[in-house]
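Survey of secondary and tertiary structure
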Amino acid sequence: MVWSLFSQQRSPLREVKGNVELKRPLIKAPSQLPLPGSRFKRGTNQMEDALEPEKKRVRGLGTATKIATSHPKAPVLTTVPQTRCQTAAPKGPKKIGPRCSTAIATVLKNQKPGPALPAPKPGSRILKARKEEREGAKTSLTFVHSVPILAAAAPPMLGGKKPTKRPAWDLKGQLCDLNAELKCCREKTQMLGQENQQLRDQLREAQQQATALGAERRTLQEELTRVRAQEEQNQQELESLRAHVLELEEQLATQQGLVQELQKEQLGLREERRGLATRLEEQERKLQASESALSESQAEVASLRCETAAQVALLAEQGERLHGLEMERRRLHNQLQELKGNIRVFCRVRPVLPGEPTPPFGFLLFPSGPGGPSDPPTRLSLFRSDERRGTLSGAPAPTTRHDFSFDRVFPPGSGQDKVFEEIAMLVQSALDGYPVCIFAYGQTGSGKTFTMEGGPGGDPQVEGLIPRALRHLFSVAQELGCQGWTYRFVASYVEIYNETVRDLLATGTRKGHGGECEIRRAGPGSEELTVTNARYVPVSCEKENRAVARTAQNERSSRSHSVFQLQISGEHAGRGLQCGAPLSLVDLAGSERLDPGLALGPGERERLRETQAINSSLSTLGLVFMALSNKESHVPYRNSKLTYLLQNSLGGNAKMLMFVNISPLEENISESLNSLRFASKV
């Protein structure tokens, strides 16, 4: 019964002892609860000295009991014999039985282990706290193991001697021993109950503390995780900041270099600013001087404007006067040309060419004019002997004198400039709006082409009437341009061969197709005549005129009439005046007659047709001149292509001039007389 009670009282110790078998300590962190384990962390002999047992002698076979009362809160531990018949306890310490181990294991199994805490860093406060917890736990376990060991290992001692066994007959002593032992067991049971209650309270407090420490551990783990994450983030930020710092350092170096360059540039700009300031001051002084000069100039401009207005008014007045004078000049010029005659005839004798025989003295005479030798000659005397009369009578043939009178006679020594000087005023009439036509008539080789076109090589001294007339027209037109007149010139160059018109300026596929050119009126109701399919070239300078002349010289035939026409159009835009007239320069074909005794072969027949066509056109030209001189109502223009083409240049207010060219040779006297007689009829 006593053993069963003892066994029941020891069950809490088994539960406490079971905690020893746990793999983890119950307490891992320092706690505020009082842990008396530290006072039990001593050996078996030291525990016996601390408990200070009260020794009592017991009669019978009982064992001595050692009671320790060193600490007021510590429980009293005693050793209870198992049976009466047992012998004395062995001297060595008694091992814990399987029952106690099982009880302690049950208690430890019922205890739930707390969550594992993360390993703290060395030197931290958490590591120090855990070290103190482990020391406290070891102390508690030492106390739990020591309780049964002390109880079992302490044999009953009586006065330091081994207890003696009561004899079997001493029942009363044995009963007394049992009563004493029972009393001790009851006291021990009471103390064990108290100790058990204290241990339960401590266990509860330890469990609560373990729960709190677990929660705290979880909180610390979460905080540690957060701190580690924050640390990783901080490390990343640190790396990025380091990279950013390196970048900023590079930028700083670049900026420093730029700042140095800017500082140098600033120094240069300062120097430049000082120079500009100096220049500005100088410019301001110049500006002030300019402003003063400008004020003076403005005053002068105002006075000049007044003078200009007066000059403009005067200029307008002078312009009106000049225009009136120009109109009067044109009128008087036209009257002068009409007084000289709208139809005039000049005679020109060519010089003897190298290789030709010298004519006899007195063959040609140029009598002086009415005013004496200073006047230009107007008469020509030609002497011819009648060989037929001398042959019949046997006496020398008499000489016959033929006198002719013209508007002007040019001896062989007259140059091209003197010839043009006489017709310059006539050419001027073309700009004034009057048609002008100039002919060159004579036998072949009498100098017609030389008079009209000039000599070869482009020598200015031997230029003919055509280039000189154009140069004169361009010069006068430029002078009249200052008075508000503008002129336009269009040139054409054709030839009439056997009553067929051919364009001398044609190029390309049109070249040589003379039959395609016809004389037509410019339009219905128009009096202007044009040549169809002919090329009309605008001419504005002397260079273009030379190109036209070269082309015509290469293409023309000596047995045809060549007609150079320059259509002149003038306009005064300010006054609304217009004028227009053609200038025609005609190089007629040779006027020699066909020899009646010539045999009519194939070549002679073609020559006969050419001569007949030339004589027919020249006869028609003479009839036209006669009709115009007699002011007849009908003028036979259409009898010849030549007169029909020149219709607008012959009638009305037209100015006509014929150059009759003769040879100075005696052998050509017959043709020269025919030419002079023809010119005398004009």
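Refer to the structure above for everything that follows.
One structure accompanies this document, and this report is about it. A quick note: this is a predicted structure, and the numbers were derived from the prediction, not measured.

Bringing helix α8 (residues 416-431) into the picture now. Its 16 residues give α8 an end-to-end C-alpha distance of 22 Å, which sits within 8% of 22 Å, the value for a rise of 1.5 Å per residue. At Ile423, α8 shows its strongest bend, of approximately 45°. Buried within α8 are the following residues: Gln416, Val419, Phe420, Ile423, Ala424, Leu426, Val427, Gln428, Ser429, Ala430 and Leu431. Looking at the residues trailing α8, positive phi occurs at Gly433, about 105°.

Inspection of the entire model under this criterion finds 17 salt bridges. One salt bridge in this structure joins Arg401 and Asp403, with 2.8 Å as the shortest N-O distance. Each of Glu326, Arg329, Arg330 and Asp432 takes part in salt bridges that share partners, so that together they form one network.

Scanning the model with the defined rule gives nine aromatic pairs in all. Here the aromatic rings of Phe404 and Phe406 are separated by 6.4 Å at their centres, their planes lie at 15°, and the arrangement is stacked. For the pair shown, Phe404 and Phe406 are each scored as buried. Put simply, the rings of Phe346, Phe410 and Phe659 touch in pairs and so form one group of aromatic residues.

Glancing now at the sheet that holds strand β2 (residues 364-365). The antiparallel open sheet is built from three strands, whose spatial order is β2-β3-β4. Because the sheet does not close on itself, it has two edges, and the strands there are β2 and β4 (399-405). By the bridge criterion, two bridges tie β2 to strand β3 (residues 379-385) in an arrangement that is antiparallel. When the sheet's bridge partners are listed, Leu365 is paired in β3 with Ser381. Its contacts with the sheet put helix α14 (residues 669-681) on β3 and β4, and the angle it makes with β3 is roughly 140°.

Cut-offs applied
- Residues numbered from 1 in each chain as written.
- Predicted model: local features only at pLDDT ≥ 70, side-chain atom pairs only at ≥ 80, totals over all residues.
- Heavy atoms only, no water.
- Helix = DSSP H or I, 4+ residues; strand = E, 2+ residues; numbered from the N terminus.
- Expected span 1.5 Å × (residues − 1).
- Bend = angle between axes of the 7 residues up to and from the residue.
- Buried < 20%, exposed > 50% of the residue type's maximum accessible area, 1.4 Å probe, protein only.
- Salt bridge = Lys/Arg side-chain N within 4 Å of Asp/Glu carboxyl O.
- Phe/Tyr/Trp six-rings, centres within 6.5 Å; stacked < 30°, edge-to-face > 60°.
- Pairing = 2+ DSSP bridges.
- Contact = heavy atoms within 4.5 Å.
- Axes fitted to C-alpha atoms, helices over the stretch in contact; angles between N-to-C directions.

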